[in-house]
Amino acid sequence: MEEKQFDPKSLIGYVLIFAIAAYYIYTSRPTPEELEAEKQKQEQVANTKQETKVANVVTESSLPAAVDSLGKVVAYQKLGAFGYSQTLAAANGGETLLENEVLSLKLNNKGGYISEAKLKNFKTHDANPVYLIKDGKNANLSIDFSTADNRVLSTKDLFFEPKLTTVGDNQQLSMRLKVSNDKFLEYVYVLKPNDYMLDFSVRSQGLESVFDSSKSIDLNWELEAFRHAKSNTYENRYTEVVFEYEDGRDDYTGQGDFKEEEAEDVTYVAFKQHFFSSVLLTDKPFKKGKFTSTNLIKDEAIDTLKLKKFTAQMPLALNAGNLNYQMNWYYGPTDYEILKSYDRNLDEIVALGWGIFGWINKIIFIPLFSLLGGFLPYGLAIIFMTILVKIGLSPVTYKSYVSQARMKVLKPEITELNEKYADNPMKKQQETMKLYGKAGVSPMSGCIPALLQMPILYALFSFFPSAIALRQKGFLWADDLSSYDKIFDLPFTIPFYGDHVSLFPILASIAIFFYMQMTTGQNMPTQQQPGMPNMKFIMYLSPLFMLFFFNNYPSGLSLYYFISNLITIGIMLVIKNYIIDEDKIHAQIQENKKKPKKQSKFKQRLQEAMEQAEKQQKKKK
């Protein structure tokens, strides 16, 4: 192929064409008189013509004179009617401060949402201020919508004009996203004195022809939860999305790398961070809600700043072409008493246990601990509450130990039956049941008292991790009863145990071992029954499980179990040495054997079934 030669004449031609075009543009520009006439003409048209398209809502003449014409053109080309908001002073950025005795909030002109939320009366585990939102980097709020001129916009990218006023003792901040002076989307925040709850309203005015009502308008809220406690893994267990829907029902996303839930008629959504929560509430329920939770901790040693990422998406309904929602924000502690005081069912955010366990905590343990904590150091309050609980359960403990003593008295006779009918399990079971019946002893009588204690024990297991009153309150060597009581660090990490040693779990494990030795150990059979669990293994496994499982749990919970088992051991020693006389129990059992004892219909049927099974077994032989 022949190489193309450079032609100087072509270059001259291009230069001449460019020069002629430039001269034509310069000589064709309007004079100042023509510009003024065109301006008056446009103003007259804007006042008389009904706007039917978004692009016609705002005229060039309504824009601030300080904005150059090129900036106006770019803004309107990009944003349509909302280009007007880009030409106002607020488009230069900036933040507005709302502050009371407990809460400090900053709101950004860009997006109009809360870009910083600081709780004044709380510190993190390393003595820094507690931020739920900081520098606008971990949260945003946005209304995403479509316009009549086929644009898809998000308020987080647009500029709101702030206006801060004082109404009585309240601070009121209006943030307006304008398409003209009297047409706008508005957020209104009202902060009251000494309150974690803000009034928050979302409304629009004159945007009937701006919104595309055929497409969804979505409220999107996102937040990445900061770490505030010593153990990010433990704190993460109690960090989740909680939401209320369908007239008072509540649910949560739960734990996992990624969780997603949907609900209808949503009245609030809470991004719960163990001891602190961010909550959005609405008077008019959102028709639907979609919530996600993504775990941000992949490696505990590396991912130390954030716990989970939360998202919530709720569609907003138009009323006569405009938005009108009355809502609230809560930024504050996950404190049962504070949340309950708002009478909005927010106390369900606190993880107190489901069903009867939650009711036990609400009715008994929260009021009791609040009473004791009012005049005692919190460590002593735990000990005194433990004593009161054990006194309340002492009748159950007494019955349980009496049953164990009776079984201990019968142990030689049961051993004899086991040896006599070693080759006939059916006959052995029949004779054992007859012995229990004659002696007036039920093997279940020792289990029932233990089962009665289970709701109390599980309720307390839920209570202590959720008790914010224990946060950063010390006792003995523990500097924070809401976290683990580390006595020294390990140079390595033990799976399921951690990289430190906590003392209260060790003491609790020792107490549990001695308790089980006194109960399970004294009645443990010399030989393991076929198909039955190895009780000796269980006796050693329980303290070991306690030692590993509770190493990262709140020291207040381990303190409770330690004191509880010490008291139980003491009560059992008193019962054994001063109340129960095993000789009298043995004499009573022998006396019961002599008396004919009428069996219940259930026992009669059970014995008949066993005898029938034995006959069938003999026939087969």
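Residues numbered from 1 in each chain as written. Predicted model: local features only at pLDDT ≥ 70, side-chain atom pairs only at ≥ 80, totals over all residues. Heavy atoms only, no water.

Observations regarding the overall build of the protein
- Along its length, the protein carries 15 helices and 19 strands.
- The buried share of the protein, reckoned over its 621 residues, is 44%.
- When contacts within the protein are restricted to residue pairs at least 6 apart in sequence, long-range pairs at least 24 apart make up 64% of them. (Helix = DSSP H or I, 4+ residues; strand = E, 2+ residues; numbered from the N terminus. Buried < 20%, exposed > 50% of the residue type's maximum accessible area, 1.4 Å probe, protein only. Contact = heavy atoms within 4.5 Å.)

So, unusual backbone geometry
- We note that alanine 127 has phi near 70 degrees; this positive angle belongs to a residue other than glycine.
- With respect to the element layout, alanine 127 can be found in the loop between β3 (114-123) and β4 (129-133).
- With a phi angle near 50 degrees, aspartate 265 is a residue other than glycine that sits in the positive phi range.
- Note that aspartate 265 resides in strand β14 (residues 258-273).

Regarding empty space enclosed by the protein
- Scanning the model with the defined rule gives two cavities of 30 Å³ or more in all.
- Roughly 60 Å³ of internal volume is contained in the largest cavity.
- If you trace the largest cavity, you find it lined by Tyr113, Ile114, Ile133, Ala139, Asn140, Leu141, Tyr189, Trp221, Trp329 and Tyr331.
- In terms of residue count, strand β5 (residues 139-146) provides more of the lining of the largest cavity than any other element does, three residues in total.
- In terms of residue class, the lining of the largest cavity is made up of nine nonpolar, one polar and no charged. (1 Å grid on protein atoms, 1.4 Å probe; cavity = no way out; pocket = protein on both sides within 12 Å on 5 of 7 lines; lining within 4 Å. Points joined across faces, edges and corners; volume = space filled by probe spheres on them. Nonpolar A, V, L, I, M, F, W, Y, C, P; charged D, E, K, R; others polar.)

Description of the packing of aromatic side chains
- Using the criterion set out here, one finds 38 aromatic pairs in the structure.
- Note on phenylalanine 243 and tyrosine 245: the rings are 5.8 Å apart at their centroids and 45 degrees apart in plane angle, and the pair reads as tilted. For the pair shown, phenylalanine 243 and tyrosine 245 are each scored as buried.
- Looking at arginine 176, its charged tip hangs above the ring of phenylalanine 184, at a distance of 3.9 Å from the centre.
- Taking NZ or CZ as reference, lysine 362 lies 5.4 Å from the ring centre of tryptophan 359, over its face. (Phe/Tyr/Trp six-rings, centres within 6.5 Å; stacked < 30°, edge-to-face > 60°. Lys NZ or Arg CZ within 6 Å of the ring centre and 35° of its normal.)

Things to note about the confidence of the model for the protein
- Of the residues in the protein, 73% reach a pLDDT of 70 or more, and the chain-wide mean stands at 79.
- Counted against residues more than four places away or in other chains, residues 44-67, with its pLDDT under 50, gives 36 contacts.
- Counting contacts from residues 525-533, a segment whose pLDDT is below 50, to residues more than four positions away or on other chains yields five contacts. (pLDDT = per-residue confidence, 0-100.)

Details of the pattern of salt bridges
- Throughout the structure, instances matching the rule amount to 15 salt bridges.
- Residue arginine 151 is joined to aspartate 149 by a salt bridge in which the shortest nitrogen-to-oxygen separation is 2.7 Å.
- Classification of arginine 151 as partly exposed rests on a relative accessible area of 21%.
- On the basis of relative accessible area, aspartate 149 is assigned to the partly exposed category, the value being 23%.
- A salt bridge links lysine 306 to glutamate 224; the shortest N-O distance between them is 2.6 Å. Of this pair, lysine 306 sits in strand β16 (residues 306-316) while glutamate 224 sits in strand β11 (residues 217-226), and the two are 82 residues apart along the sequence.
- On the accessibility criterion, lysine 306 (25% relative accessible area) is partly exposed.
- What emerges from the salt-bridge pattern is a single network uniting Arg176, Glu186 and Arg203. (Salt bridge = Lys/Arg side-chain N within 4 Å of Asp/Glu carboxyl O.)

A closer look at the pairing of β14
- Two elements, strand β12 (residues 239-245) and β14, share seven bridges in a ladder whose sense is antiparallel. Bridging across to β14, glutamate 244 finds its partner in tyrosine 268.
- Across 14 bridges, β14 lies against strand β15 (residues 276-295) in antiparallel orientation. Residue lysine 272 lies in a different strand from β15, and its bridge partner there is serine 277.
- Remark: two residues form the turn of the hairpin made by β14 and β15, two consecutive strands paired antiparallel; histidine 274 in that turn has positive phi of roughly 60 degrees. (Pairing = 2+ DSSP bridges.)

Let's talk about the pairing of β15
- Note that β15 and strand β17 (residues 324-333) share seven bridges and pair antiparallel. The residue of β17 that forms the bridge with leucine 280 is tryptophan 329.
- Sheet analysis places β15 next to β16, joined by six bridges and oriented antiparallel. What sits directly across from asparagine 295, in β16, is lysine 308.

Re a nonpolar patch on the surface
- On the surface, a cluster of nonpolar side chains totalling about 410 Å² of accessible area is made up of Leu476, Trp477, Ile487 and Phe488.
- Among the structural elements, leucine 476 can be located in the loop between α10 (447-466) and β18 (486-494). (Patch = residues over 30% accessible without salt bridge, like charges linked within 9 Å, V, L, I, M, F, W, Y side chains within 5 Å. Areas by Shrake-Rupley, 256 points an atom, 1.4 Å probe, with all protein chains shown as cover.)

What to know about the layout of surface pockets
- Quantified by volume, the second largest pocket comes out at close to 750 Å³.
- Around the second largest pocket sit 26 residues that line it, and Tyr252, Ala351, Leu352, Gly353 and Trp354 are the ones nearest its centre.
- For the lining of the second largest pocket, the secondary structure elements donating two or more residues are β12, β13 (249-252), α7 (356-373) and α10.
- Its residues placed into classes, the lining of the second largest pocket shows 13 nonpolar, six polar and seven charged.

Points about the environment of aspartate 303
- With respect to the helices and strands, the residue aspartate 303 is situated in the loop between β15 and β16.
- Between the C-alpha atoms of aspartate 303 and threonine 233, which are 70 residues apart in sequence, the distance is 9.8 Å.

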